[in-house]
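Inside the fold
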Amino acid sequence: MEHIHHGGFMQEGMHHAVAKGVTLDAKVDAAAHTVTLRVGPMSLPAHTSHMKMPQPPDLIWEVPIDGWLLAYHPKLVDASGNAVAGTVLHHVAFWNENRPDFLCPNKEEHIFGAGSEMTDWAEMPGYGYRVQKGDKIRVETMMHNPTATSYDKAYLEVVIPFEEIQGDASATAARKNVYPAWMDVASCGNSGYDLPAGKSEKTGTVTVKYDGALLGVGGHLHDYGKQIVLEDVSRKETVATLDAKADAEGHLESVPVKLFVQEGGYKFAKGDVLKISATYDNPTGKLLHDGAMGIAVGYFAAADDTKLAALRQKAAPAHDMAGMSHDQ
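Residues numbered from 1 in each chain as written. Predicted model: local features only at pLDDT ≥ 70, side-chain atom pairs only at ≥ 80, totals over all residues. Heavy atoms only, no water.

Taken in spatial order, the 4 strands make up an open sheet running S16-S24-S18-S19, and their pairing is antiparallel. Strand pairing shows two members of the sheet lacking a second neighbour, strand S16 (198-207) and strand S19 (237-243), which therefore form its edges. Between one strand axis and the next, the sheet turns by 15° as a mean value, whatever way the strands run. Looking at chain direction, S16 and strand S24 (residues 273-282) are connected through 10 bridges and run antiparallel. Its bridge partner lying in S24, Thr203 is registered against Ser277. (Pairing = 2+ DSSP bridges. Helix = DSSP H or I, 4+ residues; strand = E, 2+ residues; numbered from the N terminus. Axes fitted to C-alpha atoms, helices over the stretch in contact; angles between N-to-C directions.)

Further remarks concern the side chain of Thr147. Here Thr147 shows up in the loop between strand S11 (136-143) and strand S12 (151-164). Among the polar contacts made by the side chain of Thr147, one reaches the main-chain carbonyl oxygen of Thr149 at a distance of 3.2 Å. Thr147 has contacts with Ala46, His47 and Thr87, leaving out every residue within four places of it along the chain. (Polar contact = N/O pair within 3.5 Å; in protein donor to acceptor, adjacent residues only side chain to side chain. Contact = heavy atoms within 4.5 Å.)

Applying the stated criterion across every chain yields a total of 1 disulfide. One disulfide bridge connects Cys104 with Cys188, the sulfur atoms lying 1.9 Å from each other. Where Cys104 bonds to Cys188 through sulfur, the torsion about that S-S bond is close to -75°, and the disulfide is left-handed. Within this pair, whereas Cys104 is found in the loop between strand S8 (89-100) and strand S9 (108-114), its partner Cys188 is found in the loop between strand S14 (179-184) and strand S15 (193-195), the two being separated by 84 residues in sequence. (Disulfide = S-S within 2.5 Å.)

For the coordinates displayed, the defined rule picks out 12 aromatic pairs. Ring geometry for Tyr72 against Phe112: centres 4.9 Å apart, planes inclined by 15°, an arrangement best described as stacked. Placement of the pair is Tyr72 in the loop between strand S6 (67-69) and strand S7 (73-78) and Phe112 in strand S9, with a sequence separation of 40 residues. Judged by relative accessible area, Tyr72 falls into the buried class, the value being 1%. Between Trp121 and Tyr299 the ring centres are 5.5 Å apart and the planes differ by 80°, which places this aromatic pair in the edge-to-face class. Remark: Tyr299 occurs in strand S26 (residues 295-302) and Trp121 occurs in the loop between S9 and strand S10 (127-131); sequence separation between them is 178 residues. When its relative accessible area of 10% is taken as the criterion, Trp121 is described as buried. It is Arg38 that lies over the ring of Tyr155; its NZ or CZ is 3.7 Å from the centre. Across from the ring centre of Tyr193, 5.2 Å away, lies the NZ or CZ of Lys202, which sits over that ring. (Phe/Tyr/Trp six-rings, centres within 6.5 Å; stacked < 30°, edge-to-face > 60°. Buried < 20%, exposed > 50% of the residue type's maximum accessible area, 1.4 Å probe, protein only. Lys NZ or Arg CZ within 6 Å of the ring centre and 35° of its normal.)

Printed below as a string of structure tokens:
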């Protein structure tokens, strides 16, 4: 049996065998105000590419609260709870099937993502991602294992602190809503692309449709990625330059996060054109099929929240396996 990952993240039509027995477990800790999502168990043999490894099926988390998700803390563990190297996570992506992306309405809203850099999405005081009880969040996970260590049973755990709206909504401490801003060198297309040998740069643009402010931005690259640059072409300004850290072999270790919260955010205006550039240096001497992504990911606070809050859609009853909304 083969499985096609949603084109929202990877190329459409990419086939993988489905890993058996992988489930999504959600545990709510009411006292700590956290929910822990756990995907697994996953068998990860050493020296196995993402194309050859059976991949978890797409899994759905139904949001159990009305309120805000505040942060995302991912980690990989084995059956005993010991840490597993983040290197084996090719990527994980959370999509809200009830909301379109505000920059690319042909896609569902991408609320969290991480790759081998295991980006920890910290809480921003006074802000949160608004969810409604029953919202369907699709969790798309892809693993690989370029290391020499095999893992028999690995689990991806994501701890999500939340604030629940209690009774009268006006009595809840006022939080401002933030919206995930997904700015991709592939513009509004599929994120994965072929990585040529040697040095290369790919650029793309998206247009902002609402006035507001970017509160912070991080980046997602793959191995041999060097840098992500986000520019506001309309203003001829560089918003952020994010230099990747890698090990001696070029395996990605981290991409920094730049925050603008102190200054009240980096202001975007409706109609601003944003340019995203990703640079790579692939030393393998060969083209790596679907080997690259270049994404700047941030949080956007709208000047007029009512317009963005109104962007809602019914979750599709069946996946068309393309990660696209059905009304395009």
